[in-house]
Amino acid sequence: MSVIITILAAVFIFGVIILVHELGHFLAARYSKIKVNEFAIGMGPAIFKRERKGTLYAIRLFPIGGFCSMEGENEDSEDEHAFSNAPIGKRILVIVSGAILNLLLGFIVIVILTATNKLIPTRTIHSFSEDSVTQASGLRVGDTLVAINGRNLYCSDDIFYELMRIKGSHTDVTVIRDNKRIQLKGIEFAVTETDTGVNDIKQDFYLVGISEKNILNVTKEALLNTVSITRLIFVSLLDLITGNIPINQVSGPVGIIDVIGQAARVSFSSLLYILSIITINLGAMNILPFPALDGGRLLILLIELFTKKRMNPKYEAYIHAAGFIILILFMLFVTYSDITKLFNRH
């Protein structure tokens, strides 16, 4: 039963995220008068298809992707409504719209979760657990945490994220105390490092929660959480490049599906929270200037915008093909790592 729940939850999560991403490209293409040849969810043979106004709409057998195929997207075309013949501004709009809708979806989901939660968490300490090491090392009731190890905190989740990144169990913490910003050196946290190199955190204090909710504070909290998750993606990428995070900690499809399954067995709200994280991740990562990603295509368009010279489609295809191969090899590596961790866990 748990396997079935995991599969259904993963299909739901990835289906929604891919649909929204490709819908972003599609709506922008329609707005820009660019011809869309096919809009499909899934890959492989079509199990449902219908043509309307020159566009083939299809649902394909394998729920592992989707696409919005535009005329002249990867080659020159004589069609006046081809992507390759559209003004540069409209081509840029089409490329970035998928990522924008993914980020917007994440924000909307977090708004819903924030509005339905009993309390809106803050970064202000309400009380401490018994024998609290953070209290013994300098934190006080009423302190508002604003930075850990020099990195600003935007929401309560940032406390957890930053503690995952510290080495050891001591770090500098900046707080607002009695309306003054002060830095506390070497605050001790109940943090232990697991065998996999990830910090296991025991938060020994409780935060103040806001019970009175309105459009303003719910929207603000959701926006701060969206910014926090987006920033975490780039911080984690930098940590990966600099070696602060071991590469075997990167999760691929297998690891993500495992997390989705765990969330689905807890509650639907947990599943929605995972959806928000994944869709924000996809939106942010997809805009990185790497070949084969939308960000790689955006970079080429920006070069064209400033140089007024269009890259030869043949060379652009070579660049994206090389990037695609690198991405596939990386995905194979992280998938192997995910499977290895699953077997070790069981």
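Everything numeric in this text was worked out from a predicted model, so none of it was measured.

Asker: Requested: an account of the overall build of the chain, with residues and values cited.
Answerer: Broken down by element type, the chain carries 9 helices and 10 strands. C-alpha atoms of the chain, sized along the principal axes, occupy 75 × 50 × 40 Å. In the chain, once contacts between residues fewer than 6 apart in sequence are set aside, the share between residues at least 24 apart is 64%. Accessible surface for the chain amounts to roughly 19400 Å². Of this, 64% is attributable to carbon and sulfur atoms.

Asker: Now, about the side chain of Ser169: what can you tell me, with residues and values included?
Answerer: Inspection of the secondary structure puts Ser169 in the loop between helix H4 (156–165) and strand E6 (170–177). At 3.2 Å, the side chain of Ser169 forms a polar contact with the side chain of His170. What Ser169 contacts, discounting residues up to four positions off in sequence, is Ile187, Glu188, Phe189 and Val191.

Asker: Hey, could you go over helix H1 (residues 2–31) for me, with residue numbers and the actual values?
Answerer: Given a rise of 1.5 Å per residue, 30 residues ought to cover 44 Å, and the 43 Å separating the end C-alpha atoms of H1 matches this to within 8%. A positive phi of about 65 degrees marks Lys33, the residue just after H1.

Asker: Describe the packing of aromatic side chains, and please don't skip the residues or the numbers.
Answerer: Within this structure, the stated rule accounts for 6 aromatic pairs. Here the aromatic rings of Phe160 and Tyr161 are separated by 6.3 Å at their centres, their planes lie at 65 degrees, and the arrangement is edge-to-face. Each member of the aromatic cluster is reached from another via a ring pair, and the members are Phe26, Phe39 and Tyr57.

Asker: A description of the environment of Ile300 should follow, citing residues and the corresponding values.
Answerer: Tracing the backbone through its elements, the reader meets Ile300 in helix H8 (residues 294–307). Counting along the chain gives 184 residues from Ile300 to Thr116, while the straight-line C-alpha distance between them is 43 Å.

Asker: Residues and numbers for the side chain of His21, please.
Answerer: Positionally, His21 belongs in helix H1. One polar contact links His21 to Asp294, side chain to side chain, over a distance of 3.3 Å. Those residues in contact with His21, other than ones at most four positions away along the chain, are Gly98, Ala99, Asn102, Leu282, Asn286 and Asp294.

Asker: Now, about H4: what can you tell me, with residues and values included?
Answerer: In terms of burial, H4 is largely enclosed, as 7 of its 10 residues are buried. Every buried residue belonging to H4 is among Ser156, Asp158, Ile159, Tyr161, Glu162, Leu163 and Arg165, and all of these are buried.

Asker: Which residues make up the packing of helix H2 (residues 88–116) against helix H5 (residues 215–242), and what are the values?
Answerer: Where H2 contacts H5, the two axes come as close as 9 Å, and the packing angle between them is 130 degrees. The orientation of H2 relative to H5 falls into the category oblique. Seen from above, H2 lies across H5 with right-handed handedness. Listed contacts from H5 to Leu103, Phe107, Ile110, Val111, Thr114 and Ala115 of H2 are Val218, Thr219, Glu221, Ala222, Leu223, Asn225, Thr226, Ile229 and Thr230. Taken together, the residues of the contact of H2 with H5 break down into 9 nonpolar, 5 polar and 1 charged.

Asker: Tell me about a nonpolar patch on the surface, and name the residues and values.
Answerer: A contiguous nonpolar patch, built from Met43, Ile47, Phe48, Ile59, Leu61, Phe62 and Ile64 and spanning about 690 Å² of accessible area, is present on the exposed surface. Mapped onto the nonpolar patch, the elements with two or more residues apiece are strand E1 (36–52) and strand E2 (55–70). Here the element with the most residues in the nonpolar patch is E2; it accounts for 4 residues. Looking at the element boundaries, Ile47 is found in strand E1. Look at Ile47 and you get exposed, because its relative accessible area is 58%.

Asker: Can you tell me about unusual backbone geometry, naming the residues and giving the values?
Answerer: One non-glycine residue, Lys53, lies in the positive phi region at around 50 degrees. Here Lys53 lies in the loop between E1 and E2. Residues other than glycine seldom take positive phi values, yet Asp178 does so here, at roughly 55 degrees. Among the structural elements, Asp178 can be located in the loop between E6 and strand E7 (180–188). A relative accessible area of 67% means that Asp178 is categorised as exposed.

Asker: Go over the nonpolar core, please, and point to the residues and values.
Answerer: Membership of the largest hydrophobic core comes to 17 residues, with the highest contact counts inside it found for Leu139, Leu145, Ile159, Leu163, Val173, Phe189 and Phe205. Of all the secondary-structure elements, those providing two or more residues to this core are strand E3 (120–128), strand E4 (144–148), H4, E6 and E7. Ignoring anything within four residues of it in the chain, the contact list for Phe205 reads Ile125, Ser127, Phe128, Ser129, Thr134, Leu139, Leu145, Ile159 and Phe189. Counting 16 residues, the second largest nonpolar core, distinct from the first, contains Ile34, Cys68, Ala86 and Ile92.

Rules of the game
- Within every chain, residues take consecutive numbers counted from 1 along the sequence as written.
- The predicted nature of this model means local features are confined to residues of pLDDT at least 70 and side-chain atom pairs, given and counted, to a pLDDT of 80 or more, with totals for whole chains, interfaces and linings taken over all residues.
- The side-chain quantities take in all heavy atoms of the structure and omit both hydrogens and water.
- Working definition: helices are DSSP H or I runs of at least four residues, strands are E runs of at least two. Numbering for both runs from the N terminus.
- Residue contacts follow a heavy-atom distance rule, with two residues in contact if any of their heavy atoms lie within 4.5 Å.
- Per-residue and other accessible areas follow the Shrake-Rupley method at a 1.4 Å probe size, with only the shown protein chains counted as cover for residues.
- Definition of a polar contact: a pair of N or O atoms within 3.5 Å, with one able to donate and the other able to accept a hydrogen when the atoms are protein atoms, and with sequence-neighbouring residues admitted only if both atoms are side-chain atoms.
- Helices are assigned an expected span. That span is 1.5 Å times one less than the residue count.
- Each Phe, Tyr or Trp ring, with Trp reduced to its six-membered ring, pairs with another whose centre is within 6.5 Å; inter-plane angles below 30 degrees give stacked pairs, above 60 give edge-to-face pairs, and intermediate values give tilted ones.
- Buried, partly exposed and exposed residues are distinguished by accessible area as a fraction of the type maximum, computed with a 1.4 Å probe on protein chains only: under 20%, between the cut-offs, and over 50%, respectively.
- Geometry is summarised by axes, namely lines fitted to C-alpha atoms with helices restricted to the contacting stretch, and by angles between N-to-C directions that run from 0 to 180 degrees.
- Any angle that falls under 35 degrees is termed roughly parallel, while one over 145 is termed roughly antiparallel, one within 65 to 115 roughly perpendicular, and all others oblique.
- Left-handed describes a crossing in which the near helix is turned anticlockwise from the far one by less than a right angle; the clockwise case is right-handed.
- Following the grouping adopted for this structure description, the nonpolar residues are Ala, Val, Leu, Ile, Met, Phe, Trp, Tyr, Cys and Pro, the charged ones are Asp, Glu, Lys and Arg, and the polar ones are all others, Gly among them.
- The patches reported here contain residues having more than 30% relative accessible area and no salt bridge. Joining distances are 9 Å for like charges and 5 Å for nonpolar side chains (Val, Leu, Ile, Met, Phe, Trp, Tyr).
- By definition, a salt bridge exists where a carboxyl oxygen of Asp or Glu is found within 4 Å of a side-chain nitrogen of Lys or Arg.
- In these notes, a set of buried Ala, Val, Leu, Ile, Met, Phe, Trp, Tyr and Cys residues joined through side-chain atoms within 4.5 Å is what counts as a nonpolar core.

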